[in-house]
Amino acid sequence: MPVFSLLTNAPTFDAFHSAYLVAAYSRPSREGDVFLCVVDPGVGSERAGLALLADGRWYVGPDNGLLAIAAKWSRQAKWWRLPPPPADSSLSFHGRDWFAPHAARLAQQPTARGWLESASPAVGDDWPLDLAEIVYLDHYGNALTGLRAAGLPSHTRLRVAGENVMPAQVFSTVSPGTAFWYENANGLAEIAVNKGNAGQSLGLEVGSPVEVLAD
Amino acid sequence: MPVFSLLTNAPTFDAFHSAYLVAAYSRPSREGDVFLCVVDPGVGSERAGLALLADGRWYVGPDNGLLAIAAKWSRQAKWWRLPPPPADSSLSFHGRDWFAPHAARLAQQPTARGWLESASPAVGDDWPLDLAEIVYLDHYGNALTGLRAAGLPSHTRLRVAGENVMPAQVFSTVSPGTAFWYENANGLAEIAVNKGNAGQSLGLEVGSPVEVLAD
Amino acid sequence: MPVFSLLTNAPTFDAFHSAYLVAAYSRPSREGDVFLCVVDPGVGSERAGLALLADGRWYVGPDNGLLAIAAKWSRQAKWWRLPPPPADSSLSFHGRDWFAPHAARLAQQPTARGWLESASPAVGDDWPLDLAEIVYLDHYGNALTGLRAAGLPSHTRLRVAGENVMPAQVFSTVSPGTAFWYENANGLAEIAVNKGNAGQSLGLEVGSPVEVLAD
């Protein structure tokens with residue numbers, strides 16, 4: 001059964017940072033799952049709609065870079081351009097009127113029949129493979145980076161907001177109040193404070209730079 | 001397959017403004033869809049429960065006006081009075097214990113069998129067809145009016161909070177920071193600021209008056 | 001059809017107060033329903049995973065007390081220890097990788113086959129049957145206690161934050177602005193202010209003590 005996921009609280013208007021979330025949060029899924037992704041500063045502008053098949057997962061969304069990192073992180077990626085929105089669709093809710101019906105059809109029938117293959121998307125091809133910035137703060141204040149933890153040696157320290165943050169395997173191995181980073185459940189390096197709010201105590205926001213300290 | 005929708009963040013306790021949201025947000029649906037609507041300042045009071053069939057859509061909710069505008073905006077509307085809540089239902093959660101089971105049954109079997117037809121609801125019949133007020137602020141700060149955009153000439157200006165707001169087709173045609181109004185995806189005139197927060201920058205709240213400027 | 005419920009806004013990190021919510025909010029359900037419950041200050045620590053069958057309802061969650069009150073409030077309760085998390089599961093998202101698959105399997109096939117029966121959980125067995133404290137504040141500011149209303153004489157007054165709160169059957173029988181307590185839709189004694197915010201006006205928070213006034 002396919003999974004539909006709409007990132008409702010990804011960084012508003014910010015396809016760049018959201019692209020790393022789309023890539024990470026769609027990884028623990030199965031072949032045939034369908035992701036409808038909409039973070040769209042250009043609502044109503046003329047950007048294209050895209051479908052992406054990446055390692056067996058389908059993605060549908062705008063050509064603003066939002067799907068670009070999911071493609072980069074996959075072994076196999078193939079792009080299609082969606083046909084234009086139907087004539088009776090709203091100008092401002094492409095998620096509902098243009099993208100969702102395509103995602104729903106893919107969930108029923110996973111083929112790209114009738115779509116135009118596309119070499120690569122217009123936006124996002126030049127974005128970094130891993131992003132050394134905070135890309136998201138969850139409601140506990142945990143600060144997700146755009147760095148895949150698998151690419152960092154396990155003793156790596158991260159430097160954010162003027163502080164060095166040590167690695168730990170998981171919250172309960174660190175004393176309350178201490179900042180640490182760990183590989184989160186979706187494979188990203190995430191900065192957290194055990195029983196605390198990392199975003200507030202370190203003063204982090206989406207876009208805050210992260211430095212990987214060689215050792 | 002029927003759609004169930006519970007307006008979880010409509011204006012609290014405010015059936016009047018919420019009624020315009022129910023009417024607008026239930027329009028892009030299909031015949032046979034069922035809407036369970038609960039905004040209820042009179043929880044536990046003796047108001048009746050109603051079912052409404054409006055242009056093929058079913059609505060279930062309290063007789064406090066919440067469904068009144070959905071009926072007014074439809075070509076055909078028919079009302080029924082629900083039987084009283086079951087004896088073992090809670091006094092304070094009619095949404096779950098009284099209305100939801102009726103909505104669920106309608107979704108399975110769309111008939112009003114056994115219900116008493118009702119000429120019109122007790123509340124809401126005298127509410128204006130279109131409401132020149134802000135009825136909702138979404139989490140981006142977009143301010144929805146109770147005015148159907150289809151009834152406004154396309155060059156209409158709206159006056160809110162002492163400022164004249166020009167029409168635009170969609171966000172991306174307006175420079176960032178500028179307030180405009182447009183027909184939103186559910187047909188309402190909505191006041192927005194491209195990449196900004198209209199509610200905050202104009203100081204709007206639910207109930208703020210909107211003036212339609214003749215020209 | 002089974003109901004899955006994840007308490008997404010229960011008191012953060014606080015299995016003790018959340019346990020009374022789990023017990024109360026899972027009562028209005030049917031035999032065979034499955035509740036996946038995760039409030040987990042010990043993410044990644046070595047606490048066990050448990051399954052509970054209480055009066056025909058299944059519960060899956062961590063052995064940190066979260067399920068203890070649901071067992072205490074039932075006539076019949078039986079516990080099992082879950083097998084350890086799969087080797088490829090994340091260390092920090094046991095809800096998704098360890099508990100949810102077990103809950104999903106129970107929803108398909110309600111048997112404990114292959115699980116080790118457990119006499120009682122490690123945590124929560126000594127927690128009070130009813131808790132005379134605020135256990136939750138909802139987004140209206142209503143303050144839920146851990147007291148089952150069925151155990152309180154109907155004329156009982158509750159004392160919170162230095163004020164005596166009278167009983168009422170339901171919101172609409174009390175004048176706006178007045179604090180009262182009533183049996184909420186899940187059987188808990190709940191302190192509310194008609195058309196107001198009880199939590200703010202009385203200065204309540206999770207853990208605030210509640211005194212049952214004998215009379």
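Remember, predicted model here, so these are calculated numbers, not experimental data. (Residues numbered from 1 in each chain as written. Chains lettered and ligands numbered in written order. Predicted model: local features only at pLDDT ≥ 70, side-chain atom pairs only at ≥ 80, totals over all residues. Heavy atoms only, no water.)

A. A look at the packing of aromatic side chains. One pass over the structure, following the stated rule, counts 21 aromatic pairs over all chains. Between Phe180(B) and Tyr182(B), the ring centres sit 5.7 Å apart and the planes meet at 45°, which makes this aromatic pair tilted. Given a relative accessible area of 1%, Phe180(B) falls into the buried group. Taking the centre distance of 4.9 Å and the plane angle of 20° together, the rings of Trp98(C) and Phe99(C) count as stacked. (Phe/Tyr/Trp six-rings, centres within 6.5 Å; stacked < 30°, edge-to-face > 60°. Buried < 20%, exposed > 50% of the residue type's maximum accessible area, 1.4 Å probe, protein only.)

B. Highlighting the sheet that holds strand E6 (residues 131-137) of chain B. All names here are of chain B. Read across the sheet, seven strands follow the order E6-E7-E11-E10-E9-E8-E12 without closing on themselves; strand pairing throughout is mixed. For this open sheet the edge positions go to E6 and strand E12 (210-213), each flanked by a neighbour on one side alone. With direction set aside, neighbouring strand axes in the sheet form an average angle of 35°. Relative to strand E11 (residues 188-193), strand E10 (residues 179-183) runs antiparallel, the two sharing five bridges. Counted as the bridge partner of Glu-183 is Ala-189 from E11. Lying on the sheet, helix H1 (residues 15-25) is in contact with E6, strand E7 (143-148) and E11; it crosses E6 at an angle near 80°. (Pairing = 2+ DSSP bridges. Helix = DSSP H or I, 4+ residues; strand = E, 2+ residues; numbered from the N terminus. Axes fitted to C-alpha atoms, helices over the stretch in contact; angles between N-to-C directions. Contact = heavy atoms within 4.5 Å.)

C. Structural view of the environment of Gly141(B). Residues and elements named next belong to chain B. Tracing the backbone through its elements, the reader meets Gly-141 in the loop between E6 and E7. Classification of Gly-141 by relative accessible area gives buried; the value is 5%. When the C-alpha atoms of Gly-141 and Pro-153 are compared, they prove to be 25 Å apart, with twelve residues separating the residues in sequence. Sequence-distant contacts of Gly-141, that is, excluding residues within four places in its chain, are made with Asn-197, Ala-198 and Gly-199.

D. Representation of the sheet that holds strand E4 (residues 77-81) of chain B in the model. All names here are of chain B. Taken in spatial order, the five strands of this open sheet run E1-E3-E2-E4-E5, and their pairing is mixed. Strands with a single pairing partner mark the edges of an open sheet, and in this sheet they are strand E1 (34-36) and strand E5 (116-118). Here the average twist between neighbouring strands, direction ignored, is 25°.

E. Representation of the environment of Phe16(A) in the model. All names here are of chain A. Positionally, Phe-16 belongs in helix H1 (residues 15-25). Residues Phe-16 and Asp-88, spaced 72 residues apart in sequence, show a C-alpha to C-alpha distance of 30 Å. For Phe-16, the contacting residues outside a window of four places in its chain are Trp-127, Pro-128, Leu-131 and Glu-133.

All quantities given are derived from atomic positions and should not be read as evidence of function.
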